[in-house]
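The chain contents come next:
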Amino acid sequence: MSLADLTLDRWRSLDPEAAGRLAHEAAAQVGGRVVLLDAVGHLGGTLHRVRIEREKRKFALVPGGTVRLGFDLDAWEPTPAQVADFAESVDEGYGYGHEDLKAYLADVLSPPRTRALATVLMAVEDEALTESAADMPAALAAHGLRMPGADEWEHACGAGAGTLFRWGNECPLDEPSYGNGRVRHEPNAFGLHIAYDSYGTELSADPTAVHGGDGGEAVCGGYGDLLAWLPLATANRNPYAAEFTYGPDGEGMYEEFSTRPVLSLR
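Presented here is a report on the structure given in the accompanying data block. Quick caveat, the model's predicted, so the values are computed rather than measured. (Residues numbered from 1 in each chain as written. Predicted model: local features only at pLDDT ≥ 70, side-chain atom pairs only at ≥ 80, totals over all residues. Heavy atoms only, no water.)

Now for the layout of surface pockets. By volume, the largest pocket is sized at about 500 Å³. Those elements that provide at least two residues to the lining of the largest pocket are α1 (8-13), β4 (65-69) and α6 (150-158). A total of five residues in the lining of the largest pocket trace back to one element, the largest contributor, which is β4. In this structure, the second largest pocket encloses a volume near 260 Å³. Forming the boundary of the second largest pocket are 16 residues, of which Ala161, Arg166, Trp167, Gly168 and Ala189 lie nearest the centre. For the lining of the second largest pocket, the secondary-structure elements that each account for two or more residues are α6 and α7 (182-185). Each residue belonging to the lining of the second largest pocket can be placed in one class, and the counts come to eight nonpolar, five polar and three charged. (1 Å grid on protein atoms, 1.4 Å probe; cavity = no way out; pocket = protein on both sides within 12 Å on 5 of 7 lines; lining within 4 Å. Points joined across faces, edges and corners; volume = space filled by probe spheres on them. Helix = DSSP H or I, 4+ residues; strand = E, 2+ residues; numbered from the N terminus. Nonpolar A, V, L, I, M, F, W, Y, C, P; charged D, E, K, R; others polar.)

Below, the discussion takes up the nonpolar core. Membership of the largest hydrophobic core comes to 47 residues, with the highest contact counts inside it found for Trp11, Ile52, Val62, Leu121, Phe190, Leu192 and Leu265. Of the residues forming this core, the biggest block, seven residues, is contributed by helix α2 (residues 16-30). Sequence-distant contacts of leucine 265, that is, excluding residues within four places in its chain, are made with Leu3, Ala4, Ala26, Gln29, Val30, Leu61, Thr119, Val120 and Leu121. Ranked by size, the runner-up nonpolar core spans 23 residues in total, among them Trp76, Leu105, Leu109 and Ala228. (Core = buried A, V, L, I, M, F, W, Y, C linked by side-chain atoms within 4.5 Å. Buried < 20%, exposed > 50% of the residue type's maximum accessible area, 1.4 Å probe, protein only. Contact = heavy atoms within 4.5 Å.)

Taking 1.5 Å of rise per residue, 12 residues should cover 16 Å, and helix α3 (residues 80-91) covers 16 Å from first to last C-alpha, within 8% of that figure. Those residues of α3 that sit buried are Gln82, Asp85, Phe86 and Ser89. Burial along α3 is one-sided: seen end-on, the buried residues are contained in an arc of 100°. For α3, the exposed residues lying more than 90 degrees away from the buried face are Pro80, Glu88 and Asp91. Just downstream of α3, glycine 93 is the residue with a positive phi angle, here 95°. (Expected span 1.5 Å × (residues − 1). Arc of directions from axis to C-beta.)

What follows concerns the side chain of threonine 245. Tracing the chain through its elements places threonine 245 in helix α10 (residues 239-245). At a separation of 2.8 Å, a polar atom in the side chain of threonine 245 contacts the main-chain carbonyl oxygen of alanine 241. Sequence-distant contacts of threonine 245, defined by excluding residues within four places in its chain, comprise Thr201, Leu203, Val210, Gly250, Glu251 and Phe257. (Polar contact = N/O pair within 3.5 Å; in protein donor to acceptor, adjacent residues only side chain to side chain.)

Judged by pairing direction, the sheet is antiparallel, and its five strands sit side by side in the order β1-β2-β3-β6-β11 without closing on themselves. Both outer strands of the open sheet, β1 (33-42) and β11 (262-264), are each paired with one neighbouring strand and no more. Each adjacent strand pair in this sheet contributes to an overall mean axis angle of 25°, direction not counted. Along the sheet, α2 makes contact with β1, β2 (45-54), β6 (120-123) and β11, crossing β2 at roughly 25°. Running over the sheet, α6 touches β3 (57-62) and β6 and is turned about 80° from β6. (Pairing = 2+ DSSP bridges. Axes fitted to C-alpha atoms, helices over the stretch in contact; angles between N-to-C directions.)

Turning to its location among the elements, leucine 173 is positioned in the loop between α6 and α7. Sequence-wise, leucine 173 and tyrosine 246 are 73 residues apart; in three dimensions their C-alpha atoms are separated by 30 Å. In this structure, leucine 173 is in contact with Ala81, Gln82, Asp85, Asp225, Leu226 and Trp229, ignoring residues within four places of it in sequence.

The next thing to look at is the pattern of salt bridges. Enumeration according to the criterion identifies 16 salt bridges in this entry. As a salt-bridge pair, glutamate 127 and arginine 57 come within 2.7 Å of each other at their nearest N and O atoms. Linking glutamate 127 in strand β7 (residues 127-128) with arginine 57 in strand β3, this pair joins segments that are 70 residues apart in sequence. We note a salt bridge from glutamate 202 to arginine 260, for which the minimum N-O separation is 2.7 Å. Here arginine 260 lies in the loop between β10 (258-259) and β11 and glutamate 202 lies in strand β8 (residues 202-203), a separation of 58 residues in the sequence. Its relative accessible area of 3% is what places glutamate 202 among the buried residues. Linked through salt bridges whose partners overlap, the residues forming this network are Arg113, Arg115, Asp151, Glu154, Asp206 and Arg237. (Salt bridge = Lys/Arg side-chain N within 4 Å of Asp/Glu carboxyl O.)

Attention shifts here to the packing of aromatic side chains. Think of a pair of aromatic rings as described by two things: how far the centres are apart, and how the planes are tilted against each other in angle. By the definition in use, this model includes nine aromatic pairs. Ring plane angle 70° and centroid distance 5.7 Å describe the contact between phenylalanine 71 and tryptophan 76, whose orientation is recorded as edge-to-face. Each member of the pair, phenylalanine 71 as well as tryptophan 76, carries the same accessibility label: buried. (Phe/Tyr/Trp six-rings, centres within 6.5 Å; stacked < 30°, edge-to-face > 60°.)

Next up, the structure:
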């Protein structure tokens, strides 16, 4: 079996010794070294986490396979606090014209679906763009890297959880969606520092989406507490933020955006 074909279910079933062998095989493929191999509780079981260092970057192993993506609005009910907070935002003229929270989420979140994804190594930390979005693929390719696909980013963030946020369906509305909040800065199940600050704007290979933040638009605009947290939702594609980012107004601001380099495995 090739490493690229390793599935998340198979990865979860391995004993520590077998997981360690695959981790070192992945490191050897990319000319790196394993710097962390541990395990965490995950979806009622155990998930091995691998961190590999290559050319001063640290990468996490993100197992793929046929995975579920998107957010199932039909299976979710907002809390009364979330409904009330969104209603306050609507009263202030926010919500992109939607008066119902689920209708708003249907507009900004990706729909439920399944995708077949390869296992990859993904950078633990996002990195500021050094070129325009159009030129970044070539800049990364010079180092054997690439930008993540939008589906890859979403899978890497949620790690199969299926909840609104990578940590669950609720967010602390009495705390800011930026800064040093604990829940956002803990590594996710794969060991990535991801979806941690609404002032961030991560780009993938899909120009119709941005991830992990909206550049602080909702916070600075006073949109409301829930709307300030929703850019951190796993399936949030931020189509309105993407329109700005990839449009003429965002073209000269590329250093304000980031991406998460990926190493493909074979």
